[in-house]
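# Coordinates in review
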Amino acid sequence: MKTPLDPRHKKRQHLVEELFMIDFHKQKVSTDTKNILIHIDFIDKKISSAAPEFSIDKINKTDLAILRLAVYELLVEKKEPSKVIIDEAIELAKEYGGDTSPAFINGALGNIKI
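This structure is a prediction, so every number in the text was calculated from the model and none was measured. (Residues numbered from 1 in each chain as written. Predicted model: local features only at pLDDT ≥ 70, side-chain atom pairs only at ≥ 80, totals over all residues. Heavy atoms only, no water.)

### Observations regarding the overall build of the chain
A tally of helices and strands in the chain yields six helices and zero strands. Going from N to C terminus, the chain has its helices and strands arranged as α-α-α-α-α-α. Against the compact-globule benchmark of 13 Å for 114 residues, the chain has a radius of gyration of 13 Å, which places it among compact chains. Seen through its C-alpha atoms, the chain measures out along the principal axes to roughly 40 × 30 × 30 Å. Buried residues in the chain amount to 42% of all 114 residues. Look at the contacts in the chain between residues 6 or more apart in sequence, and 61% of them connect residues 24 or more apart. Counting every atom, the chain has about 7,000 Å² of accessible surface; 55% of that belongs to carbon and sulfur. Measuring between centres, the 18 positive side-chain charges of the chain sit 4 Å from its 18 negative side-chain charges. (Helix = DSSP H or I, 4+ residues; strand = E, 2+ residues; numbered from the N terminus. Rg over C-alpha atoms; globule rule 2.2 N^0.38 Å. Buried < 20%, exposed > 50% of the residue type's maximum accessible area, 1.4 Å probe, protein only. Contact = heavy atoms within 4.5 Å. Areas by Shrake-Rupley, 256 points an atom, 1.4 Å probe, with all protein chains shown as cover. Lys, Arg positive; Asp, Glu negative; His and termini not counted. Charge placed at Lys NZ, Arg CZ, Asp CG, Glu CD.)

### Re helix α6 (residues 101-110)
Restricting attention to buried positions, one finds in α6 the residues Ser101, Pro102, Phe104, Ile105, Ala108 and Leu109. Down the axis of α6, the sector holding all buried residues measures 165°, keeping them to one side. Of the exposed residues in α6, the ones pointing more than 90 degrees away from its buried face are Ala103 and Gly110. Taken together, the buried residues of α6 touch α3 (40-50), α4 (61-77) and α5 (82-96). (Arc of directions from axis to C-beta.)

### Describing the layout of surface pockets
Each pocket or cavity is described by its volume, and for the largest pocket that value is around 210 Å³. Along the wall of the largest pocket there are 13 residues; nearest its centre are Lys11, Arg12, Glu73, Glu77 and Lys79. If you list the elements that add at least two residues to the lining of the largest pocket, you get α1 (7-22), α2 (31-38) and α4. When the residues that make up the lining of the largest pocket are grouped by side-chain class, the tally is four nonpolar, one polar and eight charged. (1 Å grid on protein atoms, 1.4 Å probe; cavity = no way out; pocket = protein on both sides within 12 Å on 5 of 7 lines; lining within 4 Å. Points joined across faces, edges and corners; volume = space filled by probe spheres on them. Nonpolar A, V, L, I, M, F, W, Y, C, P; charged D, E, K, R; others polar.)

### What about empty space enclosed by the protein?
Going through the model one piece at a time under the given rule, you end up with one cavity of 30 Å³ or more. As a volume, the largest cavity reaches approximately 30 Å³. Taken together, Arg12, Ile66, Leu69, Ala70, Glu73, Ile85, Glu88, Ala89 and Leu92 form the lining of the largest cavity. Elements supplying a minimum of two residues to the lining of the largest cavity: α4 and α5.

### Focus: the side chain of Asp44
Counting through the fold element by element, Asp44 comes out in helix α3. Not counting the four nearest positions on each side in its chain, Asp44 is found in contact with Ile56, Leu64 and Arg68.

So, in structure tokens, the structure goes:
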């Protein structure tokens, strides 16, 4: 029997989906996503510093959405322990990303100065 997902994980799934979709077209988004977008320049600078070998426009859009959410949670929101946020980001990468996504997300977030 499959256990139900934690509501926080479901919320993160929804946010990753919205962050992914806004890269392709303008749409209505949740208040949580708007809060992330307010800090997008700061977040993207942190991602660029953490993964200097990849420019923002070269990062897979799914991985970028996951990183944006995680960096927001780590450096702006600061409601959860960093280990929880990173573990959740890796789980989202396993669900939504490609074969190399979990390792990339883990490596990039490991380089974020908290």
